[in-house]
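What follows is the residue order along each chain.
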Amino acid sequence: MSDTAADPTKDHPPDRDREADHASDRKTRVTVLVALAANLVIAAAKGVGGLVAGSPALLSEAAHSVADSLNEVFLLAALRRSRRPADSRHPFGYGKERFFWSLLAAVGIFVMGACFSVFQGIEALRDGAEESSTGYAVGLIVLAVALVVEGISLLRALHQVRAEGSGMDALRDPALRTVVAEDGTAVLGVTLAVIGMALHMITGQVVWEASASIAIGVLLGYVAYRLGRDACDQLIGEAVDPELSDRIRELLAAEPEIDSVEALFTMRMGLDSTMVAARIDLVPGMDSERVEEVSMRIKRSLGEAVSEAGEIFLDITDRPVEEARKSPAATGERGGA
């Protein structure tokens with residue numbers, strides 16, 4: 001494959017796009033900091049309230065908030081480290097660090113949140129739990145405050161999602177997606193804890209509160225699985241959406257010097273950077289100097305038309321068309337888009 005264009009700035013997003021990306025990162029950082037502050041306060045309140053009330057559901061929620069606080073630290077690291085410029089050791093940049101820290105956040109949700117919540121619920125079922133009227137009052141007050149604070153944090157995250165435009169486009173950012181998932185799960189988890197504690201108070205049966213704790217754990221496990229799977233896919237090397245892939249193929253096919261696009265590969269290198277590699281067949285009759293000139297122009301044109309195309313590689317092939325079409329790349333056996 002030939003190298004990228006001589007002037008690397010030609011293949012990267014325009015300055016205005018970079019400024020917009022950094023502005024979006026600043027907004028996401030504020031959203032993460034709001035969630036971190038909320039979770040630290042709530043974790044302390046739930047922990048103290050859970051010990052005073054002897055409530056397994058409240059202690060489960062405390063573990064949930066501790067896990068969320070640690071995850072916010074991971075997300076702050078992702079925002080800072082993923083924007084570092086490319087260097088000789090990482091020539092494609094550090095964009096995938098965003099996905100790595102998001103994967104750690106998902107693991108944290110599972111280990112510190114889900115597992116502890118299920119453990120607390122099973123322990124309560126096995127040993128029972130007695131709560132005084134004071135304990136119930138303390139627990140319910142703490143949960144009510146937590147519901148309000150978690151709701152404010154969730155509204156902040158959803159506000160940014162709406163501000164980013166299309167919801168799905170905004171949620172491509174794993175940091176913002178994790179905050180929305182955490183806050184949404186927290187609101188639902190607090191609601192389950194309130195129901196469990198209230199039923200325990202009314203019936204005197206700890207099974208209700210223990211079941212709420214186990215349900216919170218199962219909920220956290222599911223959220224952790226979904227977030228972890230998405231981060232894993234992006235770390236391994238995920239292709240762009242079919243719509244963008246089709247657009248890139250159409251742009252290449254529209255070039256007058258290209259006879260056919262035999263295979264097209266794409267891989268997201270970060271939140272707003274994509275590597276594009278294409279195997280193309282040029283029209284016959286070009287000498288080597290003309291081929292190089294055309295290749296440089298095509299890459300420059302594609303980079304300007306698709307701002308996400310941070311690195312573009314073209315492989316000029318003169319194999320027979322039928323042979324090229326039967327290759328693993330063209331048939332998709334190795335991930336051809």
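Bear in mind that the values here come from a model prediction, so they are computed numbers and not experimental data.

J.: Mind showing me how you'd approach the overall build of the chain here?
T.: Tallying secondary structure elements over the chain gives eleven helices and three strands in all. Traced from its N-terminal end to its C-terminal end, the chain shows the element sequence α-α-α-α-α-α-α-α-β-β-α-β-α-α. Burial analysis of the chain (337 residues in total) assigns 46% to the buried set. Put simply, of all contacts in the chain between residues at least 6 apart along the chain, 76% involve residues at least 24 apart.

J.: How should the packing of aromatic side chains be read in this particular structure?
T.: Pairs of aromatic rings are described using the distance from one ring centre to the other and the angle between the two planes. The full count for this structure, using the stated rule, is three aromatic pairs. When the ring of Phe74 is compared with that of Trp101, the centres are 5.8 Å apart and the planes differ by 40°; the resulting orientation is tilted. One end of the pair, Phe74, is in helix H2 (residues 56–81); the other, Trp101, is in helix H3 (residues 97–127), and 27 residues separate them in sequence. We classify Trp101 as buried; its relative accessible area is 18%. If you follow Arg84 out to its NZ or CZ, it ends over the ring of Tyr94, 3.8 Å from the centre.

J.: Please clarify how the confidence of the model for the chain should be interpreted in this entry.
T.: Predicted coordinates in regions of low pLDDT should not be interpreted in detail. Of all residues in the chain, 83% have pLDDT values of 70 or greater, and the mean over the chain is 79. Mean pLDDT across the secondary structure elements of the chain bottoms out at helix H11 (residues 328–331), with 44, and peaks at helix H8 (residues 242–253), with 90. pLDDT under 50 marks residues 327–337. Its contacts with residues more than four places away, or in other chains, come to 23 contacts.

J.: Sorry if this is basic, but what is going on with the packing of helix H6 (residues 174–203) against helix H7 (residues 207–237) here?
T.: Think of two packed helices as two axes; the pair is described by the angle between the axes and how far apart they sit. The contact between H6 and H7 brings their axes to 7 Å, and the two run at 170°. Considering the angle they form, H6 stands roughly antiparallel to H7.

J.: Quick question: what am I supposed to make of a nonpolar patch on the surface here?
T.: Together, Val66, Leu70, Val73, Val107, Phe110, Val111 and Met112 make up an exposed nonpolar region whose accessible area comes to about 540 Å². Mapped by element, the contributors of at least two residues to the nonpolar patch are H2 and H3. Per element, the largest residue contribution to the nonpolar patch is four residues, and it comes from H3. Met112 gets classed as partly exposed once you look at its relative accessible area, which sits at 31%.

J.: Explain the side chain of Thr28 here, please?
T.: If you trace the backbone, Thr28 turns up in helix H1 (residues 15–53). In this structure the side chain of Thr28 is engaged in a polar contact, spanning 2.7 Å, whose partner is the side chain of Gln160. The contact partners of Thr28, leaving out residues within four places of it in the chain, are Leu79, Gln160, Asp173, Ala175 and Leu176.

J.: Got a minute to help me understand the pattern of salt bridges in this structure?
T.: A side chain of one charge can pair with a side chain of the opposite charge when the charged atoms of the two come close. Applying the stated criterion across every chain, the model contains ten salt bridges. Close ionic contact of Arg81 with Glu97 constitutes a salt bridge, the shortest N to O distance being 2.8 Å. In this pair, Arg81 is assigned in helix H2 and Glu97 in helix H3, connecting sequence segments 16 residues apart. Taking the shortest distance from any N to any O, the salt bridge between Asp315 and Arg279 comes out at 3.3 Å.

Quick notes on the rules
- Residues numbered from 1 in each chain as written.
- Predicted model: local features only at pLDDT ≥ 70, side-chain atom pairs only at ≥ 80, totals over all residues.
- Heavy atoms only, no water.
- Helix = DSSP H or I, 4+ residues; strand = E, 2+ residues; numbered from the N terminus.
- Buried < 20%, exposed > 50% of the residue type's maximum accessible area, 1.4 Å probe, protein only.
- Contact = heavy atoms within 4.5 Å.
- Phe/Tyr/Trp six-rings, centres within 6.5 Å; stacked < 30°, edge-to-face > 60°.
- Lys NZ or Arg CZ within 6 Å of the ring centre and 35° of its normal.
- pLDDT = per-residue confidence, 0-100.
- Axes fitted to C-alpha atoms, helices over the stretch in contact; angles between N-to-C directions.
- Parallel < 35°, antiparallel > 145°, perpendicular 65-115°, else oblique.
- Patch = residues over 30% accessible without salt bridge, like charges linked within 9 Å, V, L, I, M, F, W, Y side chains within 5 Å.
- Areas by Shrake-Rupley, 256 points an atom, 1.4 Å probe, with all protein chains shown as cover.
- Salt bridge = Lys/Arg side-chain N within 4 Å of Asp/Glu carboxyl O.
- Polar contact = N/O pair within 3.5 Å; in protein donor to acceptor, adjacent residues only side chain to side chain.

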